[in-house]
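# Structural features, examined
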Amino acid sequence: MIDVSVQHAAPDPSVGDLLAAWLPTQRWFPGGPSVQAEPWLAVTFDQEEVDLAPPEGAHGDVVLLLTRLRGPELPGGEVVAQVPLVLSDPEDVSLGHIGTVETATGEVAVHDGGANPACWVALLRAMGVAGDPTTLTERGRVLAGEQSNTSVILPGVPSPSGAGGMLKILRTIADGPHPDVVVPQALTADGWEGVPRFLGALEIDTDDGAVHLAILSELVPHAEDGFEMACDVASRGEPFVEQADALGRLVAELHQRMATLLPTGPPLDAARFVAGLRRRADRAVAEAEVLAPRAAEVTALLDDLERRLAALPEPVTTQRIHGDLHLGQTLFSEGWKVLDFEGEPQRSVDERTAPDLPLRDVAGMLRSFDYAAAVGEAPEPASWQAEAADAFLAGYRKTVADHAGMDEDTAAVVLDALVLDKALYEVVYESHHRPTWLPIPLGAVDRLLRD
Ligand SMILES: Nc1ncnc2c1ncn2[C@@H]1O[C@H](COP(=O)(O)OP(=O)(O)O)[C@@H](O)[C@H]1O
Ligand SMILES: O=P(O)(O)O[C@H]1O[C@H](CO)[C@@H](O[C@H]2O[C@H](CO)[C@@H](O)[C@H](O)[C@H]2O)[C@H](O)[C@H]1O
């Protein structure tokens, strides 16, 4: 384990200017160009240890900049972004080179630490991973694709199965312990194999308490992304029934384990719960004008839900849940695994980690079958997704038979409301990120309001 120092510091102004132009171009950057950025902390490492045997082409000082971002588009109006950098000699312009600048101490090449092995080694060392840096980072590569964080595949990292490691460099720092550390760590310690094995995390102390900056899990070898797999199956017109049944069982096991290992919540406050759904629906209508003509029907559905919940004789139990469950958060290898316990990126950490109804995760997965049928262009999309959804629910109910204190009819109405809540969220998400996919959630909103 190497020493890690945390200081209040701002980057050299020339580095700051370089980053101000580069950051808004990065997919993981949570704010737009108008966001206000205020440097907060700089995390550095015992550089002698990192330099002992740096992998070829990866030399330089590693610094993790933590910057406070403020803007109305950010969850809660403020988030902390992590910008890991490697500062090297000006002639070194490979491996994540952002630009070369003239600083107070001379010319420096600035690299994105997410793409630079010197940074990977510093993070691994700070998590206590031993081994020769060249071996640790051999065949290391940054995962391509639309990601909120930066994940690096590191087959050379020692792991119980010998498969290697997956280093996730968090780009947005949670206010307190990170849910994607807390949950997989508890599940792994309990011996559950439904998540990639948790191997470690980098935690630092700040004036505001401890925060996590990076997570190491065991690489799941030959794994297929659950969404891509489902789209492939749909495109061949083959049923997804067996896979959905197995996934239903896994999600049910996940909920059972989370209920025992993590704090459960108070009984559901029905008025508060429905008020939350109303707030999210109002926000979605305000952000996506295509929803305006549907607003009155959404309100009517939520009124009905509120009446039903208020009439329940028994309290409804709540617990920790995944919070952003969809097929893209699963891997299929020899069986299913669930990933990414960070929760919905557009919600604050308090909201994401608050005990909730497990049916919210069920709803998320049902929405995903609809996406897979549409994106995979299943020949009969409606029946493909209905069969997958039925099989998933049947698999889930084999393990979790009760409805958290609700009767079956009320649970079905709650599930519909949560599916609607997710579809409304997706309408906003798609209108910002993938407008050509907007008809997928919008079609679902219309079906739910019609039925
Ligand atoms: N342990 C792992 N083994 C293999 N692949 C993984 C592992 N963890 C994550 N992945 C892959 O990386 C992708 C992104 O991981 P995820 O934790 O969801 O990051 P993000 O929060 O940035 O979306 C996943 O969709 C999956 O394909
Ligand atoms: O994985 P993230 O936490 O970044 O989740 C966000 O992006 C998802 C898309 O990558 C988005 O999921 C939606 O599209 C999926 C297909 O790409 C589909 O399977 C999901 O059901 C659908 O919600 C997710 O909503 C968003 O939070």
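Residues numbered from 1 in each chain as written. Chains lettered and ligands numbered in written order. Predicted model: local features only at pLDDT ≥ 70, side-chain atom pairs only at ≥ 80, totals over all residues. Heavy atoms only, no water.

### Examining the overall build of the protein chain
Put simply, the test is: Numbering of helices and strands starts at the N terminus; helices are DSSP runs of H or I of at least 4 residues and strands are runs of E of at least 2. What the globule rule says is 2.2 Å times the number of residues to the power 0.38, and the radius of gyration is computed from C-alpha atoms. What makes two residues a contact is simply this: any of their non-hydrogen atoms within 4.5 Å. Only the protein chains shown count as cover for residues, and all accessible areas are computed by the Shrake-Rupley method using a 1.4 Å probe. Residues counted as positive are Lys and Arg, residues counted as negative are Asp and Glu, and His and the chain ends are not counted. Charge positions are represented by NZ for Lys, CZ for Arg, CG for Asp and CD for Glu.
In terms of helices and strands, the protein chain carries 14 helices and 15 strands. For 451 residues, the compact-globule formula gives about 22 Å, and the C-alpha radius of gyration of the protein chain, at 23 Å, lands near that figure. The long-range share in the protein chain, meaning contacts at least 24 apart out of those at least 6 apart in sequence, stands at 69%. For the protein chain, the exposed surface amounts to about 19,800 Å²; the carbon and sulfur share of it is 51%. The protein chain carries 32 positive and 71 negative side-chain charges, and their two centres are separated by 7 Å.

### Let's talk about the packing of aromatic side chains
How we decide: To pair, rings of Phe, Tyr and Trp, with the six-membered ring standing in for Trp, must have centres within 6.5 Å; the planes then decide the type, stacked if under 30 degrees apart, edge-to-face if over 60, and tilted in the middle. Only protein chains enter the area calculation, which uses a 1.4 Å probe; residues under 20% of their type maximum are buried, those over 50% are exposed, and those in between are partly exposed.
The final tally for this structure, using the stated rule, is nine aromatic pairs. Pairing Trp-22 with Trp-28 gives two aromatic rings, centres 6.0 Å apart and planes at 65°, and the pair type is edge-to-face. On the basis of relative accessibility, which here comes to 15%, the residue Trp-22 falls in the buried class. With a centroid separation of 5.7 Å and 65° between ring planes, the pair formed by Phe-369 and Phe-392 is classed as edge-to-face. One end of the pair, Phe-369, is in helix α11 (residues 359-375); the other, Phe-392, is in helix α12 (residues 381-399), with 23 residues separating them in the sequence. No difference in accessibility class separates Phe-369 from Phe-392, as the two residues are buried. Aromatic rings pair up to connect Phe-240, Phe-332, Trp-336, Phe-369, Trp-384 and Phe-392 into one cluster.

### A short note on the sheet that holds strand β9 (residues 165-169)
The following threshold applies: In this scheme, strands are said to pair when DSSP sees at least two bridges between them. Axis definition: a line fitted to C-alpha atoms, over the contacting stretch in the case of helices. Angles run 0 to 180 degrees between N-to-C directions.
Taken in spatial order, the five strands line up as β7-β8-β9-β12-β11 in an open sheet, and their pairing is antiparallel. On the outer flanks of this sheet lie β7 (141-142) and β11 (198-206), each paired with one strand and no other. Direction of pairing for β11 relative to strand β12 (residues 209-218): antiparallel, over a ladder of eight bridges. Bridge pairing links Ile-204 to Val-211 in β12. Packing against the sheet, helix α3 (residues 117-126) makes contact with β7, β8 (150-154), β9, β11 and β12, and its axis sits at approximately 100° to β9.

### Describing the environment of Leu-357
The topology assignment puts Leu-357 in the loop between α10 (349-353) and α11. Distance in space between the C-alpha atoms of Leu-357 and Gly-176 is 23 Å, their sequence separation being 181 residues. Leaving out residues up to four positions away in the same chain, Leu-357 has contacts with Leu-268, Phe-273, Val-316, Thr-317, Thr-318, Ile-321 and Val-414.

### Considering the domain arrangement of the protein chain
Put simply, the rule reads: All the domain ranges listed were derived from an automatic or database domain assignment. Buried area is a sum: the accessible area each of two parts loses on coming together, probed at 1.4 Å, counted once for each and added. Think of a salt bridge as a Lys or Arg side-chain nitrogen and an Asp or Glu carboxyl oxygen that are within 4 Å of each other. What qualifies as a polar contact is a pair of N or O atoms within 3.5 Å, subject to a donor-acceptor requirement within protein and to the restriction that residues adjacent in sequence count only when both atoms come from side chains.
Domain annotation of the protein chain identifies domain 1 (5-218) and domain 2 (224-450). On a C-alpha basis, the centroid separation for the pair domain 1 and domain 2 is 31 Å. Listed per partner, the contact involves 21 residues of domain 1 and 22 residues of domain 2. Summing both partners gives a buried area of about 1,800 Å² for domain 1 against domain 2, and 64% of it is carried by carbon and sulfur. Looking at the side of domain 1 facing domain 2, the largest losses of area belong to Pro-179, Val-183 and Trp-192, adding up to 30% of the total buried there. Across the domain 1-domain 2 interface, the total number found is three salt bridges. Here Glu-342 makes a salt bridge to Lys-168, at a shortest N to O gap of 3.9 Å. For the pair domain 1 and domain 2, the interface holds seven residue pairs in polar contact (both at pLDDT 80 or more).

### A short note on helix α13 (residues 408-433)
Quick reminder of the rule: In a helix, the anticipated span is given by 1.5 Å times the number of residues less one.
For α13, which comprises 26 residues, the first-to-last C-alpha distance of 36 Å matches the rise-based estimate of 38 Å (1.5 Å per residue) to within 8%. Within α13, 19 of the 26 residues are buried, which leaves the element mostly enclosed by the surrounding structure. The N-capping residue of α13, defined by a side-chain oxygen 3.1 Å from the backbone nitrogen of Asp-409, is Asp-407.

### Section: the layout of surface pockets
The criterion, for reference: A cavity here means a set of points on a 1 Å grid, drawn over the protein atoms and nothing else, where a 1.4 Å probe fits but cannot get out; a pocket is an open set with protein on both sides within 12 Å along at least five of seven lines, and a residue lines either one if it has an atom within 4 Å of a point. Grid points are joined across faces, edges and corners, and a volume is the space filled by probe spheres set on the points. Ten residue types, Ala, Val, Leu, Ile, Met, Phe, Trp, Tyr, Cys and Pro, are classed as nonpolar, four, Asp, Glu, Lys and Arg, as charged, and the remainder, Gly among them, as polar.
The computed volume of the second largest pocket comes to approximately 710 Å³. Together, 25 residues line the second largest pocket, and Leu-366, Leu-415, Asp-416, Val-419 and Leu-448 are the ones closest to its centre. Partitioning the lining of the second largest pocket into residue classes produces 14 nonpolar, two polar and nine charged.

### Quick look at the nonpolar core
Quick reminder of the rule: Think of a nonpolar core as a cluster: buried Ala, Val, Leu, Ile, Met, Phe, Trp, Tyr and Cys residues, connected wherever their side-chain atoms sit within 4.5 Å.
Grouped together as the largest cluster of nonpolar side chains are 78 residues, with contacts concentrated most on Phe-240, Phe-273, Leu-305, Leu-327 and Phe-369. Considering each element in turn, this core owes the most residues, twelve residues, to α13. Here this core spans two domains, and each of domain 1 (5-218) and domain 2 (224-450) adds at least three residues to it. Excluding its chain neighbours within four sequence positions, the residues that come into contact with Leu-327 are Gly-226, Phe-227, Ala-230, Phe-240, Leu-247, Trp-336, Met-365, Ser-368, Phe-369 and Ala-372. Trp-120, Leu-202, Ile-204 and Leu-216 belong to the second largest nonpolar core, which has 36 residues in total.

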